[in-house]
Each structure stands twice: as C-alpha cells, then as structure tokens.
Amino acid sequence: MLAELSIKNFAIIDELHIPFQKGLTVLTGETGAGKSIIIDAVGLLIGGRGSVEYVRHGEKKAELEGLFIIDDTKHPVYQKAKELGIDIMEDHMLVLHRTISHSGKSICRINGKLTTLAILKEIGQIVLDIHSQHETQALLNQDKHIELLDYFYQSNHSRFKNDYQKLYQHWKELKYKYEANNKNEQELAQRIDLLEFQLNEIQNADLQPNEDIVLTDERNKLHHFETIHKNLNDAYNALHGEQKGLDWLSHAANNLEEAGEHNKDIQKLQQQYVDHYYLIEEISYQIRQHLENMDYEPGRLELIESRLYEIDQLKRKYGQSVEEIMTYSAKIEEELDEIKNRDQHLANLSEMVQEAANDLLLEAKELHNIRKKAAKQLEKAVLMELKDLYLEKTNFQVDVFIPSKEKGIPFEGKNVSPHEDGIDQVRFLISTNPGEPVKELDRIASGGEMSRIMLALKNIFSKHQGITSVIFDEVDTGVSGRVAQAMADKIYNISVGSQVLCITHLPQVASIADTHLKIEKVVKQNRTHTTIQELSFDQRIDEIGKMITGAELTETSRTHAKELIEMNHKR
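Overview of the structure. (Residues numbered from 1 in each chain as written. Predicted model: local features only at pLDDT ≥ 70, side-chain atom pairs only at ≥ 80, totals over all residues. Heavy atoms only, no water.)

1. Some points on the overall build of the chain
When helices and strands are counted, the chain shows 20 helices and 17 strands. Against the 2.2 N^0.38 benchmark of 25 Å for 571 residues, the chain shows a C-alpha radius of gyration of 39 Å, more extended than a compact globule. Projected onto its principal axes, the C-alpha positions of the chain cover 125 × 75 × 55 Å. Looking at the chain as a whole, 42% of its 571 residues qualify as buried. Looking at the chain as shown, the accessible area adds up to about 32200 Å², and 48% of this sits on carbon and sulfur atoms. Here the chain contributes 68 positively and 93 negatively charged side chains, and the mean placements of these two sets differ by 9 Å. (Helix = DSSP H or I, 4+ residues; strand = E, 2+ residues; numbered from the N terminus. Rg over C-alpha atoms; globule rule 2.2 N^0.38 Å. Buried < 20%, exposed > 50% of the residue type's maximum accessible area, 1.4 Å probe, protein only. Areas by Shrake-Rupley, 256 points an atom, 1.4 Å probe, with all protein chains shown as cover. Lys, Arg positive; Asp, Glu negative; His and termini not counted. Charge placed at Lys NZ, Arg CZ, Asp CG, Glu CD.)

See below:
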C-alpha cells in the first residue's frame, strides 16, 4: 500500500506530506482545489511523462516521494526488483523518489539508488494503478481490447502466449534475413565490391592470432634493451667471481658443514642451506643464458613499429583486437559466399521462412481458440458486474475474429498478417437497449455507461492483478442516484483486496470511505497553496452534506449525510 506521499514545489502545491491508510480513502474538494494535481504527482512518481510546467513558479525543482509498504514477499514487485538489482528493505518498504528540475531534467531513485525513468515506471506500475477519465477514453480504442482480453486470461495462465511469441520472433528474424538478401542486383553488386575489398585487405595483412599482443610485448623489451641487459649483467657479476656472492655462500656452506659434524641440529640447518645454495646457483646460470641469448637488432624495432601501425589501421575499421578482426573476416567471407550463391541460399531461406510461418500459424490458431473461450468467460463476468451497476439489460460481447489482409500469409482461405499477439483482432461490442444490435462502444455508450463498464472491468481485474494500490480519478462522472450507490459499492469491494484512493464528487462514494481527506485551495501572501485535512466524523457529515445540496449546508442535508454514512458502514 501507499503509506505516505510527499509533494514539494509541484504546480500550486508548495509542500504536502500525506499519510494514507488501508481500505478506501476519498479525496473531496471544490473544483480547482488541487485534487487532480495530487493524482498527477502520483502519476509522475510511478514513471509518467514529466514537464517543466509542473515545477512551481519561482522554484528550481519539484520533488515527489512515495513510501510503499509491501508486506507480501510473494508480491510480483519483489521478483521484478531482484531482476533489476534493487534491494527492498527488510521492513518491506519501497521508496520511490523523483525530482523534476526547471530545466526539464528528471532524476529518479528507488530506495535511495539512482535509476532510470523506465525502471521507475516498471516498478511503479506493479504497485499502483491509476484509473482516470482518460483511461476510460482508452477503452474506446479497439487496439487496446486484445490487451484487456489477454490480461483477463493471462492472470490465471502465466505462460499464455509464450510459445507463440518465441515462434513469432523466430519467424520475424528469418523473414528479415530473407528480405535483406533479396535486394536488387545493383545493391548486391555494390555490397560484393565492398566485402571483397575488406576481405582482401584483411587477408593480405596475413594476421596471426594474438599477433598484436606478442609484438607489443617484444617492442617493450626492445625499448628497454640496454636497461635490461645492464641489470642482468650486474646481477650475474654480483653472484660469480672471486669474493662475489656465490663464493661467500659456498664459504658459509663449508663452515656449516664443519660445525654440523659436532651438532645434529646444525646438520639439518646445513642441509636446508645447501638446497637453497644450489637453487641460487641454478638461477645464476639461467641469468647467464638469458644474457647470451640477448641480441639487439637495430632494424627489428622499426619492423615491429611498422607492423603494429598496419594492425592499428585495421583495428580502426574492423575490430578492437586481432581476434575481432579475424572474426569479422570470417563473417564477411560467409556473407560473400551467401551472396554469390544467392539463388540457392534464398531458396533455403524461403523454405525456412515458410516452415516457421506454418508453425506460427498453428500456434496462432491455438491462441485464437483460447481467446474465443476466454471471451465467453469475460462476457459472463462483465455482464454480472454490469447487472450490479444497473445495466442489467445490457448486451456485452467480446468479438474475436481473424481479419483478412490484402497482403499476408495464406491461411484458411484468406490472407492474414501475424503480429506480436497473434493473428486476431478483438472488439468490445455493446447494446444498452433490448432489441438493438451490438455496436462499437463509442457508438453506443454514454459517459456514465463508459464509467460503469470500465469499473466493471477494474473490479474483475483487481482480483488477479496483485496491485497494492488503485487510484480512481473522478470515474463516477455522469452518474447519480442508485447507480452512484452501486458504483460506490464496487469501488469499496476493490478496496477490500487493494488500497483504493478515490477523487469523487458523489456523496454515496464519500460516505462509504474508511478515510476522508478534504483538499482546499487557500491564498497566503499573494500565493496560492493547496492544503489537505483528514476529516473527523462530524466534519465528514458537513462535507457530505454540502456535496448533497451542491450549495450551502442545511440541517436536512446534514441528517441525510449522517444517515448515508451510517447506512454504508453497516453493510
């Protein structure tokens, strides 16, 4: 759940710290008081699109921070956080932070760790869902209907579409490869010329594995030849010769040997000493051998420099190392072979594309059959929800069909065009009057009906989503009376499984809430400020009473408000 929200220098809000409780919290207030601004702030906190216009006039930056408490360690956010390398605190706290500067830059943090806006959005939208009038309008977009149907099914079948999407990706890659190879002759001729030039340049260089590393090491030795030779020679002379190192070490060995004849402990010490003496003597021979093998060739360094320069020129074009250059050479040699044997290669690719398409269409057909069954289940679930919202005479249908395309793959007597979700198209159709045919939502449903349809879908999905907090921003617009009470009941039902924050103008929704927050706009020192206050029971009665009359508070409206609160909390 969202436990606390902090907003600073955001729009007309200078600074707000809002604690939230479990269950249903409503936010009420006059139009323009800042209710939707608070929801906008939450939207940006979970990765929404920012703008410099949100920064309060005269300030350098706006700051948003939300504290979420996720008690269920099996919640999807824990797995996602692990995948993204984010640690959730031991006390199950998740802190999202976002700063928007007046220059337009956005800085995001999760539990104090800097992160990208994309990751903030990925995490934020797992724990919180905002439903607004804008989202209701999105329901009119038929392209979104397949997503909603798939989500309904996928919530209980996590691997749904996995096999299809793997086949789709494979088919798409093969298709792209076939099209890339099936270019016109002029492009192919130009490509052959380029590849042959590159291949000849690399092959003429006659590169050897790790040649750049070996030559660089040899160049380093030649650069320091005199220093190496002098130090090796001095080391050898220090060990060999009269009164030199080995001579004194030999003398010490003789002394230890003589002492050991009278002491067994010294005999052991002398033996250890002799072993080390022979080791040093062997090293001295190796130093001498190294000196004898050292031979300075003045022209060798010049040859190495020239060769390394040649290799560096190739690196600029074909790779960061000799190994990468040789790998690139093998790759273009293979491509040249494919182009020169293009007809056979294209025939092979075409066959592979066709085989992949056949497998894809079989899986797409299976997907289609699953969606047809899921559509019936969703229809039944939505109709049950709509009945509770006094749309019992509504006919709601989920139309799953395979559209015919002018260009596409032949399938069951028509051409189809596979996409990431299959070959289907999905439409939500509705008729709110008995005897009338079902039509697209935007041609039938009014604003109030659209709100109820979306609320019905939300109530269905909330049982499976795992979202810890849901925000409704004036979704009850366009309804009143018993429909308003039914919507209040639906919103409250969602709050049983998820924390719900709801901006409302309906007394029925406000009266059923567990917590009531009032938003007000005040002017201090010629600046507009937004304030927020949690209402007591008596204050709630007054606020809901004003919502009932839409004007001044009366004793009748106070009595009605009190009855409404008591009635809703006896349910």
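2. Observations regarding the sheet that holds strand 16 (residues 515–524)
One key point about sheets: their strands pair by backbone hydrogen bonds, in either a parallel or an antiparallel sense. What the six strands build is an open sheet, ordered 8-14-15-3-16-17; its pairing is mixed. At either margin of the open sheet sits one strand with a lone partner, and together these are strand 8 (128–132) and strand 17 (527–534). Ignoring strand direction, the axes of neighbouring strands in this sheet form an average angle of 20°. Sheet contacts for helix 17 (residues 481–497): strand 3 (24–28), strand 14 (469–473) and strand 15 (499–503); angle to strand 15, the most-contacted strand, approximately 145°. (Pairing = 2+ DSSP bridges. Axes fitted to C-alpha atoms, helices over the stretch in contact; angles between N-to-C directions. Contact = heavy atoms within 4.5 Å.)

3. Observations concerning the nonpolar core
Formed by 71 residues in total, the largest nonpolar core has its most connected members in L378, V398, F428, F472 and I491. The leading source of residues in this core is helix 14 (residues 342–388), at 15 residues. Setting aside anything within four residues of it in sequence, one finds F472 in contact with H131, L455, K458, I491, I494, V500, L501, C502 and I503. By size, the runner-up hydrophobic cluster in this structure holds 43 residues, among which are I13, I37, A62 and I503. (Core = buried A, V, L, I, M, F, W, Y, C linked by side-chain atoms within 4.5 Å.)

4. Some points on the packing of helix 5 (residues 145–154) against helix 14
Orientation of helix 5 relative to helix 14, taken along the N-to-C sense of each, is 85°, at an axis distance of 10 Å. On the basis of their axis angle, the class for helix 5 and helix 14 is roughly perpendicular. Between helix 5 and helix 14, the residues in contact are I146, L149, D150, F152 and Y153 and I370, R371, A374, A375, Q377 and L378, respectively. A per-class count over the contact of helix 5 with helix 14 returns eight nonpolar, one polar and two charged. (Parallel < 35°, antiparallel > 145°, perpendicular 65-115°, else oblique. Nonpolar A, V, L, I, M, F, W, Y, C, P; charged D, E, K, R; others polar.)

5. Describing the pattern of salt bridges
Applying the stated criterion across every chain, the model contains 22 salt bridges. Residue E520 is joined to K518 by a salt bridge in which the shortest nitrogen-to-oxygen separation is 3.7 Å. Connected via shared salt-bridge partners are D150, K161, R371, D421 and D424. (Salt bridge = Lys/Arg side-chain N within 4 Å of Asp/Glu carboxyl O.)

6. Observations concerning the pairing of strand 6 (residues 106–110)
Every regular strand shows the same layout, with side chains that alternate between the two sheet faces. Both strand 5 (residues 93–101) and strand 6 contribute to a ladder of five bridges, which runs antiparallel. Looking across to strand 6, one finds that R98 is bridged to C108. In sequence, strand 5 turns back onto strand 6 through a hairpin of four residues, with G104 there showing a positive phi of about 100°.

7. Concerning the packing of helix 19 (residues 537–549) against helix 20 (residues 555–568)
One way to put it is that helix 19 packs onto helix 20 with a least axis distance of 8 Å and a crossing angle of 115°. Between helix 19 and helix 20, the angle falls in the class roughly perpendicular. Where helix 19 crosses over helix 20, the two elements pack in a sense that is right-handed. Here helix 19 contributes F537, D538, R540, I541, D542, I544, G545, I548 and T549 to the contact with helix 20, which in turn contributes S557, R558, H560, A561, K562 and I565. In terms of residue class, the contact of helix 19 with helix 20 is built from six nonpolar, four polar and five charged. (Left-handed = near helix turned anticlockwise from the far one by under 90°.)

8. Quick look at the sheet that holds strand 13 (residues 439–440)
An order of 9-12-13 is seen for the three strands of this open sheet, with the pairing classed as antiparallel. Each edge of the open sheet carries a strand with a single partner, namely strand 9 (395–401) and strand 13. As paired elements, strand 12 (residues 425–431) and strand 13 share two bridges and run antiparallel to each other. When the sheet's bridge partners are listed, L429 is paired in strand 13 with E440. Contacts between helix 5 and the sheet are confined to strand 9 and strand 12, with strand 12 contributing the most and set at about 95° to the helix. On the sheet, helix 14 packs against strand 9 and strand 12 and is oriented at approximately 165° with respect to strand 9.

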